[in-house]
Each structure stands twice: as structure tokens, then as C-alpha cells.
Amino acid sequence: MQNHRLALPTGYRLQHYELSRVLGKGGFGITYLGIDRHLGRKVAVKELMPDTIVTREGPDVLPQSASLAPNWAWAKDRFLEEACMLAGFQHPNIVNVHQIIEANGTVYMVMDYIEGESYDARLRRIGREPDEASMRALLEPLLGGWRK
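None of these values were measured; they are calculated from a predicted model.

Criteria and thresholds
Residues numbered from 1 in each chain as written. Predicted model: local features only at pLDDT ≥ 70, side-chain atom pairs only at ≥ 80, totals over all residues. Heavy atoms only, no water. Pairing = 2+ DSSP bridges. Helix = DSSP H or I, 4+ residues; strand = E, 2+ residues; numbered from the N terminus. Expected span 1.5 Å × (residues − 1). Buried < 20%, exposed > 50% of the residue type's maximum accessible area, 1.4 Å probe, protein only. Arc of directions from axis to C-beta. Contact = heavy atoms within 4.5 Å.

Turning to the pairing of strand S7 (residues 97-103), a few remarks are in order. Sheet topology places S7 next to strand S8 (residues 106-112); 6 bridges connect them, and they run antiparallel. From the neighbouring strand, Glu-102 faces S8, where its bridge partner is Val-107. Hairpin connection, S7 to S8: the antiparallel pair is bridged by 2 residues, and Asn-104 has positive phi, about 55 degrees.

Structure follows, in C-alpha cells:
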């Protein structure tokens, strides 16, 4: 994936993590491939960056206007809640969260980097909508991660 216009630059250091490229961009954030410079391993770093309400000035993330500041505060609170909840799970079908970082006016979640094909890429590769059997094969292991 090409770098997003609001992405941090290649080589940016976030504590001891060095960001190398954008892995993906969704409605609420940008996910980077990073290198943990202390442990020498790849990580995924998800940055809260909902580009409908914020923008970037240098490394800092700011609301696009004063009227959007409450929305931005709400988004950061929800992201932190999600990150803390996800960090509480220990299951082979749920990614491990290593660290939550508040910096640059936003929040980052540092997670395991898992090599492989994205679901979107898989759908493009097979060129059709999934059938029931393939959906079950995908969803059942994922749903198993939510059982206590």
C-alpha cells in the first residue's frame, strides 16, 4: 500500500519503534509496519487518525476545527478502551497488544505483526464472494477467541 497523505514518514521513531511503511488505512486509523528496535522484531502499530475530524501538522494530530474537538476527545477515549480491552485477551486467534502509547496528540496501539494476506486481498485474488463453507472456516476460529 502506498503511504497515506496523513501518514507519518518512513523511518519515524515512536519511542523505540521505527515505522517502515503503511500496511493499511481505515476510517479511524493508519496501521504501520514497525520494527521494535529493543527486541529486533516486526510489530504492527495502529495510529488513531480519523481523517474526517483530524489532520496532521508535523507529527502532531489535531482536530480540524474547534467544533470537532469534542468528537476527537470521544474518539481517543473509545480507542483507548478498545486497546485496553484487546490487551486483556490471551488467545491464539486474537492479536497480542504489547503497548499503548499516547503521543503526538493521538493514541497508538503496538501489536504483533502477523505475516499473511489480508482478507480484502484474498477476495480480490479468488475473484468471487465467499461461500458459506469458507465463511465458517474463517469466522469460527475468530469467534472462538471471544469465548471466556
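A separate point is helix H1 (residues 69-87). Between its terminal C-alpha atoms H1 stretches 27 Å, which fits the 27 Å expected from 19 residues at 1.5 Å a residue. Taken together, the buried positions of H1 are Trp-72, Ala-75, Phe-79, Ala-83 and Leu-86. Around the axis of H1, the buried residues are gathered within 70 degrees of arc, so they sit on the same side. Exposed side chains of H1 directed beyond 90 degrees from the buried face belong to Pro-70 and Trp-74. Lining the buried residues of H1 we find strand S4 (41-48), strand S5 (54-57), strand S6 (60-63), S7 and S8.

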